[in-house]
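Chain residues, written in single-letter form:
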Amino acid sequence: MERVLTISLATLFAGAVGMVGVLSINAAANNASTAGPTRQAGGDNGTKQLADGRQIFRFDTFGDEAFWGDTLRLHQALAGEKNGGVGPGVSPRTALAVGLKVDADALPEDLKEKIRGGQVNLDDPANTVALLRLDAVVGVKGLFDSSGNLRSMGVQCAFCHSTVDDSLTAGIGKRLDGWANRDLNIGQIISLAPNLTPYMELLGVDEATLRKVLASWGPGRFDALLDKDGKAFRPDGGQAGTVIPPAFGLAGVNLHTWTGMGSVPYWNAYVAVTEMHGSGTFIDKRLNDPTRYPVAARAGTGEVRKTPDLVTAKLPALHAYQLSLAAPKPPQGSFDAAAAERGKTVFTGRGQCASCHVPPLYTEPGDNLHAPSEIGIDSFQSERSPTQKYRTAPLAGLWTHQKPGFYHDGRFATLMDVVEHYNTTKQLALSDQDKRDLVEYLKSL
């Protein structure tokens, strides 16, 4: 019987030549559920629920390895031919370049020292496999057979909604749960899979077309409606993906996602079952509309009931953990405090920002949806949603997710661009000083 492997490390490096080493790992089989935070024995139900939620957020695949590994065979592309896979493999350097992150807390101390000293060969795919054995790649679970060979892989919530603080080196550091990974190039990662047939058959396109769509998103974007409505590009030819939102600062916020399709637990089920391809239940009969959602209607996405259901029972704890993630405060010195104080007056007064971004939620308590005309933008993305509107996005922690831009698709490169848009659309007649102060206030949230 094959089992998921965690790591018992005796020797991390063997046969190092000069400044280059290759990880040599002695793996012992353990149950995957032992990875990550330990539950607090005897704690109250709330403490246990948060611990369970963190475990689910960080480490649960919901059984999606059946799709990413067993069907798409993405693990084979990661490993490469020399490590039992196919093709050249994905080196740590390449993995970091496409936005994957490494949890430094999962690395033994001597390995961290070697990374600091440049003694790890970041161009060897064998070291990517070794990092997967350590359960160190944020949001990615490698599954290994009894001989230590990578046999499958799955993804977790943290894949898109966590990053690291780069405290060891770029892309390697302590986890930052809830932060949007705006470096992650999901389309490029999917395109590495040896078997893209499931996507091609679902969308009714050839491989070249699919690859063109996947390449269009770029870092920090994903199209979670492509497999529902088949709209791969905007009418103007632009990419149709939306930027990955943060999963922090959601306590008290009504509807979630850019177009408010549902609540936080709605979106957790939606993503776990229809995007991560986990084994679970998801029901939204709005998606049965063959005119608006032809792909979903054909696939039966409006009512998915997979067995075993590895998702539904985990939604309460996952939700509780997400709600516990407060928006992080900006670093000291990252904004002009005096200007921000003046900007606060603009925000709550003549800038009219607080009429929708109500402090301290920075979205409306209650119904937080708006027609495209209210915010002065096109309706392409809103029309893809059952709501046909846009949600007022919470602003706390805005400083953490400035790339690849602001709004649902990143259309505004800078905060000043956003301010200029509203100044024009709402005819606010803000002075240049008002606008600069308002930007500093937004950076301070």
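The coordinates are above.
Below or above, wherever it landed, is the structure these notes cover.

What counts and what doesn't
- Residues numbered from 1 in each chain as written.
- Predicted model: local features only at pLDDT ≥ 70, side-chain atom pairs only at ≥ 80, totals over all residues.
- Heavy atoms only, no water.
- Helix = DSSP H or I, 4+ residues; strand = E, 2+ residues; numbered from the N terminus.
- Rg over C-alpha atoms; globule rule 2.2 N^0.38 Å.
- Contact = heavy atoms within 4.5 Å.
- Buried < 20%, exposed > 50% of the residue type's maximum accessible area, 1.4 Å probe, protein only.
- Lys, Arg positive; Asp, Glu negative; His and termini not counted.
- Salt bridge = Lys/Arg side-chain N within 4 Å of Asp/Glu carboxyl O.
- Polar contact = N/O pair within 3.5 Å; in protein donor to acceptor, adjacent residues only side chain to side chain.
- Axes fitted to C-alpha atoms, helices over the stretch in contact; angles between N-to-C directions.
- Parallel < 35°, antiparallel > 145°, perpendicular 65-115°, else oblique.
- Nonpolar A, V, L, I, M, F, W, Y, C, P; charged D, E, K, R; others polar.
- Core = buried A, V, L, I, M, F, W, Y, C linked by side-chain atoms within 4.5 Å.
- Expected span 1.5 Å × (residues − 1).
- Pairing = 2+ DSSP bridges.
- Disulfide = S-S within 2.5 Å.
- Phe/Tyr/Trp six-rings, centres within 6.5 Å; stacked < 30°, edge-to-face > 60°.

## Observations concerning the overall build of the protein
Part 1 of the reasoning: A count of helical and extended segments in the protein gives 19 helices and 16 strands.
Part 2 of the reasoning: For 445 residues, the compact-globule formula gives about 22 Å, and the C-alpha radius of gyration of the protein, at 23 Å, lands near that figure.
Part 3 of the reasoning: For the protein, the C-alpha atoms occupy an extent of roughly 65 × 50 × 50 Å along the three principal directions.
Part 4 of the reasoning: Taking the intrachain contacts of the protein between residues at least 6 apart in sequence as the baseline, contacts between residues at least 24 apart amount to 65%.

## Here's the deal with the side chain of Glu-364
Part 1 of the reasoning: Of note, Glu-364 is situated in the loop between α15 (337-348) and β15 (369-370).
Part 2 of the reasoning: Despite its burial, Glu-364 pairs with no opposite charge; the closest candidate is Arg-391, at 8.2 Å N-O.
Part 3 of the reasoning: At 2.5 Å, the side chain of Glu-364 forms a polar contact with the side chain of His-370.
Part 4 of the reasoning: Within polar-contact distance, the side chain of Glu-364 engages the side chain of Thr-392 at 2.8 Å.
Part 5 of the reasoning: With near-sequence residues (within four places) excluded, Glu-364 lies in contact with Cys-356, Val-358, His-370 and Thr-392.

## A word on the packing of helix α1 (residues 45-59) against helix α14 (residues 315-323)
Part 1 of the reasoning: The contact between α1 and α14 brings their axes to 7 Å, and the two run at 95°. On the basis of the axis angle, α1 is roughly perpendicular to α14. Contact with α1, carried on its side by Gln-49, Leu-50, Asp-52, Gly-53, Arg-54, Ile-56, Phe-57 and Arg-58, involves Pro-316, Ala-317, Leu-318, Ala-320, Tyr-321 and Gln-322 of α14 and no other residues of that element.
Part 2 of the reasoning: For the contact of α1 with α14, the residue count by class is eight nonpolar, three polar and three charged.

## Observations regarding the nonpolar core
Part 1 of the reasoning: With 80 residues, the main nonpolar core has Leu-107, Phe-159 and Tyr-270 as its most contacted residues.
Part 2 of the reasoning: If we ignore the near neighbours within four places in the chain, the residues touching Tyr-270 are Ala-224, Leu-225, Lys-228, Met-261, Glu-275, Phe-282 and Leu-287.
Part 3 of the reasoning: In this structure, Tyr-407, Val-418, Val-419 and Leu-445 belong to the second largest nonpolar core, which totals 23 residues.

## Remarks on helix α19 (residues 432-444)
Part 1 of the reasoning: Here α19 spans 19 Å end to end across 13 residues, near enough to the 18 Å set by a 1.5 Å rise per residue.
Part 2 of the reasoning: Among the residues of α19, those classed as buried are Asp-434, Lys-435, Asp-437, Leu-438, Val-439, Glu-440, Tyr-441, Leu-442 and Ser-444.
Part 3 of the reasoning: Next to the buried residues of α19 lie α15 and α18 (415-425).

## Quick notes on the pairing of strand β7 (residues 150-155)
Part 1 of the reasoning: Most of β7 sits inside the fold, with five of its six residues counted as buried.
Part 2 of the reasoning: Where strand β6 (residues 140-144) folds back onto β7 in an antiparallel hairpin, the turn is made up of five residues, including Gly-148, whose phi is positive at roughly 90°.

## Things to note about the state of the cysteines
Part 1 of the reasoning: Using the criterion set out here, one finds zero disulfides in the structure.
Part 2 of the reasoning: This cysteine, Cys-157, is not joined by any disulfide, and Cys-160 carries the nearest cysteine sulfur, 9.3 Å off.
Part 3 of the reasoning: Overall, Cys-157 belongs to the buried group, its relative accessible area being 12%.
Part 4 of the reasoning: The buried category is assigned to Cys-160, whose relative accessible area is 16%.

## Some thoughts on unusual backbone geometry
Part 1 of the reasoning: With an omega of -5°, the peptide bond between Thr-307 and Pro-308 qualifies as cis.
Part 2 of the reasoning: Residue position: Pro-308 is located in the loop between β14 (303-305) and α14.
Part 3 of the reasoning: The residue after Lys-403, namely Pro-404, is reached through a cis peptide bond having omega 0°.
Part 4 of the reasoning: Turning to its location among the elements, Pro-404 is positioned in the loop between β16 (390-391) and α18.
Part 5 of the reasoning: A positive phi angle is found at Tyr-407, which is not glycine, with a value near 80°.
Part 6 of the reasoning: Within the element layout of this structure, Tyr-407 appears in the loop between β16 and α18.
Part 7 of the reasoning: Since its relative accessible area comes to 15%, Tyr-407 is described here as buried.

## Remarks on the packing of aromatic side chains
Part 1 of the reasoning: In this structure the tally under the stated criterion is 15 aromatic pairs.
Part 2 of the reasoning: Residues Phe-67 and Trp-68 carry aromatic rings whose centres are separated by 5.0 Å and whose planes lie at 85° to one another, so their mutual orientation is edge-to-face.
Part 3 of the reasoning: Judged by its relative accessible area of 12%, Phe-67 falls in the buried class.
Part 4 of the reasoning: Joined through ring pairs, the aromatic side chains of Tyr-266, Trp-267, Tyr-270 and Phe-282 make up one cluster.

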